[in-house]
Amino acid sequence: MFDSNIHVQNNSFDNLKLISNKIKANNITKALCMFDNEKKFKDRKLFYDNCLKTNTLIPVATIRNTKNLKNEIENINKIGFKFIKFHPRNLNIKIGNEFYTKAFRLIKKTKLNIMWCTFDGWSTAKISEMNQLEFLSKLTNIVDNNKIILMHAGGPNILKFYEKFRFSENIFFDLSYTITHYENTSIEKDIIFLMNKFDKRIVSGCDYPAIKLKKYLDSLNKILKKAKIKNFKLKNILNNNLHYILKG
């Protein structure tokens, strides 16, 4: 398995190695990994280097410096990252802000793969008046040569996201959080529909440590059993698609 969403709080090699060993023990051979406590440039570089040493964790850079966006993206690209993540809620920059348009125009000049958190619940601010789906349509049109992973696949709006982006071959849907959070709901049927119809553009992750590995694997196995998908589609979702994105 290739996991699309693992978070770490400590970027030391010893900690990353422990996590690497833990996920390998659960049949996860590779994982996209994000460091949540980055404060300085040296944190980012250390995280990148230590991830590569594990030979398991693929480092993902998270946008932090919003004041000098050009330097931020150039720095991420220069270090060697292949993935860059936008988390609007953590950035506290509302969906629809020109900041994102500027960022995507800068990324267009690189080969960076983009990860975008589609979870748009804001507990500490007023609800955004911008329709995320329509705004993402504008952003993704800017970077038609960069691959994009829509994290959590729009959650309860998963089929709306599918209809909007199903013909955009550079856009992939990540099912982390969504698989576990919406277990035994009507959304589960939507996920099963996509697994059968959209297998070449779906990836899956555990969202560790927010969700325990056992919980994720239990939920994943249950929905795969219900989906009754063919083996080649299973391989696409659990492994092949992320390898394809990584190779660029």
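Up top is the structure.
Residues numbered from 1 in each chain as written. Predicted model: local features only at pLDDT ≥ 70, side-chain atom pairs only at ≥ 80, totals over all residues. Heavy atoms only, no water.

(A) Structural context of the packing of helix H5 (residues 98-107) against helix H6 (residues 132-142). H6 packs onto H5 with a crossing angle of 20 degrees between their chain directions and a minimal axis gap of 8 Å. One finds that H5 runs roughly parallel with respect to H6. Between H5 and H6 lies a crossing whose hand is right-handed. Seen from H5, the contacting residues are Tyr100, Thr101, Phe104 and Arg105; seen from H6, they are Phe135, Leu139 and Ile142. The residue inventory of the contact of H5 with H6, partitioned by class, reads five nonpolar, one polar and one charged. (Axes fitted to C-alpha atoms, helices over the stretch in contact; angles between N-to-C directions. Helix = DSSP H or I, 4+ residues; strand = E, 2+ residues; numbered from the N terminus. Parallel < 35°, antiparallel > 145°, perpendicular 65-115°, else oblique. Left-handed = near helix turned anticlockwise from the far one by under 90°. Contact = heavy atoms within 4.5 Å. Nonpolar A, V, L, I, M, F, W, Y, C, P; charged D, E, K, R; others polar.)

(B) Layout of the pattern of salt bridges. For the coordinates displayed, the defined rule picks out twelve salt bridges. Two residues, Asp49 and Lys45, come together in a salt bridge whose shortest N-O distance is 2.8 Å. Pair noted here: Asp49 and Lys45 are both in helix H2 (residues 41-54), with a separation of four residues, about one helical turn. Of the charged contacts, one joins Glu74 and Lys70 as a salt bridge, the two residues approaching to 2.6 Å between their closest N and O atoms. Taken together, the residues span about one helical turn, with Glu74 and Lys70 both in helix H3 (residues 69-79) at a distance of four residues. (Salt bridge = Lys/Arg side-chain N within 4 Å of Asp/Glu carboxyl O.)

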